[in-house]
Amino acid sequence: MHQDSQRFGPQLQPNMVEVAYCEVHLEPAWLFCEDDQVTLCSTCFQSPEHKHHVVHGVQQAAESYRKLFQEILNTLKEKVEVTKSILCDEQERMMMIQEEEQNFKEMIESEYRTRLRVLSEEDEGHLLRAPGCRPALSLGEASRNQFFEAAAELVENPQGTLQRLSHLGRENMNKLKESEVRVCQQICSLQSFTTELEKKCRGPTLALLKDAKYCLERSESLLVQCLQPAHLTDLSLCSPGMSKMPRALHRRVTLDPRTAHPCLVLSEDLRSVTVGNTWQDVPGSPGRFDFGATVLGIESFSSGRHYWEVEVEKATKWQLGICQDPAHRRGPMPTASGDKVLLMGAVMGTECTFWVFPPLKKVSLRKPMHKAGLFLDCEYGHISFYNVTQRTLIYNFSQLPFQGPVRPVFSLCIPNGDTNSDSLTVSSGHAPSRSDDC
């Protein structure tokens, strides 16, 4: 402060490499006013204008700023690396969003082709006269009219869905490009200011003190800027709704005790599986899974189309899908998820995450799921997973290379010392009878 003028003086002057002179009093300016960011001579220092200002020796002020600028430089360089990482992520997302859009397009087209095949065969089944049934001709005509109307709707629906998908894809790409521009601009600003500040720190004392406060304000402005990745619209919004499955395709899947992992407990009707707190003493079986809490369905499918539903709301970690029939597999049972097509779910608190396999890929579900539906078309190597709760498609696979018959597979998480009562329940299917086709 002004009253400390005696401590600035002769002892600092011999150490000064640079000497600035006051333009007003033509005296050496060896003091620096923090408030006004100017150098002062002794006469300036005594003036009322600086009476209550914070004043330091020039060298002392310079070293203080140099140290502060160095800390800021370190933070700026870290910020540059973080921002570059965001840029890489946005550029990677650009490639991924194109791939994701193409995957959704193929999935949508595959789903509608499958529906059209199912609809076509369902219509043929209604028109065929079963033994003992004599449907009226008008019923056949009505059925054909309904078929052509439904088929026309199916042809139109994918076009509208694909257009929405393309629109969302363009929107997402534009958001990513705008984000890329913003991130690049920030990187340029950070790098430019970093270079400027490094030059200032290497420069002479008086050059370092010039506009020092402005540099601090500018650095603060750059450092407080927080870039967020572009918020993209979920392409699963374009996923087709779930069509009503013909009753003839529903299967009464039951669980096979011979394939159940020792920690699993099956219900008497072989419809539910629960994780037990103790391992069961079960005889060995070539079809038993030992690497996971897995059980297969008794039913084996090698042709035709099949649909079944599973209640998953009482499980925190589960897997559903199909697996190659052990009875037709060459060699021992696998020790990993080979020969499987799976939908997997995990619940942590209120958060749910879902994946499909193979390959392992995260899928988006906008709302919780309590019941999953699985549709299998053996001829076309097609399997679809549905959120029955919301009547939406989750994901589908086409042209899978099935090697022989496949069976439904159900998995839970092996307990790790904690009490675990997770369970899966296969919904009661509808067994078609002759009367259904009349």
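Procedures and definitions
Residues numbered from 1 in each chain as written. Predicted model: local features only at pLDDT ≥ 70, side-chain atom pairs only at ≥ 80, totals over all residues. Heavy atoms only, no water. Disulfide = S-S within 2.5 Å. Buried < 20%, exposed > 50% of the residue type's maximum accessible area, 1.4 Å probe, protein only. Core = buried A, V, L, I, M, F, W, Y, C linked by side-chain atoms within 4.5 Å. Helix = DSSP H or I, 4+ residues; strand = E, 2+ residues; numbered from the N terminus. Contact = heavy atoms within 4.5 Å. Salt bridge = Lys/Arg side-chain N within 4 Å of Asp/Glu carboxyl O. Lys, Arg positive; Asp, Glu negative; His and termini not counted. Pairing = 2+ DSSP bridges. Axes fitted to C-alpha atoms, helices over the stretch in contact; angles between N-to-C directions.

Participant: Tell me about the state of the cysteines, and please be specific about residues and values.
Facilitator: Applying the stated criterion across every chain, the model contains 0 disulfides. Its sulfur unpaired, Cys215 is 9.0 Å from the next cysteine sulfur, which belongs to Cys201. Given a relative accessible area of 2%, Cys215 falls into the buried group.

Participant: How would you summarise the nonpolar core if you had to cite specific residues and measurements?
Facilitator: In terms of nonpolar packing, the biggest core is built from 62 residues, with Trp308, Trp318, Leu320, Phe410 and Leu424 touching the most fellow members. When residues in this core are grouped by element, the largest group, 7 residues, is from helix H2 (residues 58-127). With residues near it in sequence (within four places) discarded, Trp318 still touches Val312, Leu343, Met344, Gly345, Phe354, Met369, Ser411, Leu412 and Leu424. Core analysis: the next-biggest nonpolar cluster, separate from the first, contains 19 residues, Phe32, Phe69, Leu190 and Cys215 among them.

Participant: How would you explain the pattern of salt bridges if you had to name every residue and give the values?
Facilitator: Within this structure, the stated rule accounts for 11 salt bridges. Shared partners join several salt bridges into a network, and the residues in it are Asp256, Arg258, Asp325 and Arg407.

Participant: Go over the side chain of Arg271 with me, naming the residues and quoting the values.
Facilitator: The topology assignment puts Arg271 in the loop between strand S6 (264-266) and strand S7 (272-275). One buried charge, Arg271, has no salt-bridge partner; the nearest side chain with opposite charge is Asp269, at 5.8 Å. When residues no more than four places from it in sequence are discounted, the contact partners of Arg271 are Arg252, Val253, Thr254, Leu255, Leu424, Thr425, Val426, Ser427 and Ser428.

Participant: Explain the pairing of strand S16 (residues 392-397) to me, and be specific about the residues and the numbers.
Facilitator: The side chains of a regular strand alternate between the sheet's two faces. For S16, a buried count of 6 out of 6 residues is recorded, marking the element as mostly surrounded by other parts of the structure. Taken together, the 5 bridges between strand S15 (residues 382-387) and S16 define a ladder with antiparallel strand orientation. Directly across from Asn387, in S16, lies its bridge partner Thr392. Here S15 hands over to S16 after 4 residues, with Arg391 in that stretch at a positive phi of 60°.

Participant: Help me get a handle on the sheet that holds S7, residues and values and all.
Facilitator: The sheet built from 7 strands is open, its strands ordered S6-S7-S18-S9-S14-S15-S16 with antiparallel pairing. Looking at strand neighbours, the two that pair on one side only are S6 and S16, the edges of this open sheet. Geometrically, the sheet is characterised by an average inter-axis angle of 20° between neighbouring strands, direction not taken into account. Note: strand S14 (residues 371-377) against S15, 6 bridges, orientation antiparallel. Its bridge partner lying in S15, Ala372 is registered against Asn387.

Participant: Please set out the sheet that holds strand S4 (residues 38-40) residue by residue, giving values where relevant.
Facilitator: Pairing is antiparallel across the open sheet formed by 3 strands, whose spatial order is S4-S3-S5. Every interior strand has two partners, whereas the edge strands, S4 and strand S5 (55-57), have only one. Within this sheet the neighbouring strands show an average axis-to-axis angle of 35°, counted without direction. Here strand S3 (residues 31-33) pairs with S5 via 3 bridges, running antiparallel.

Participant: Give a description of unusual backbone geometry that names residues and reports values.
Facilitator: In this chain, Phe357 is followed by Pro358 through a cis amide linkage whose omega measures 0°. As for its placement among the helices and strands, Pro358 is situated in the loop between strand S12 (351-357) and strand S13 (361-363). Across the junction of Pro358 and Pro359, the peptide omega takes the value -20°, indicating a cis bond. Structurally, the position occupied by Pro359 is in the loop between S12 and S13.

Purely spatial values, then, with no claim about function.
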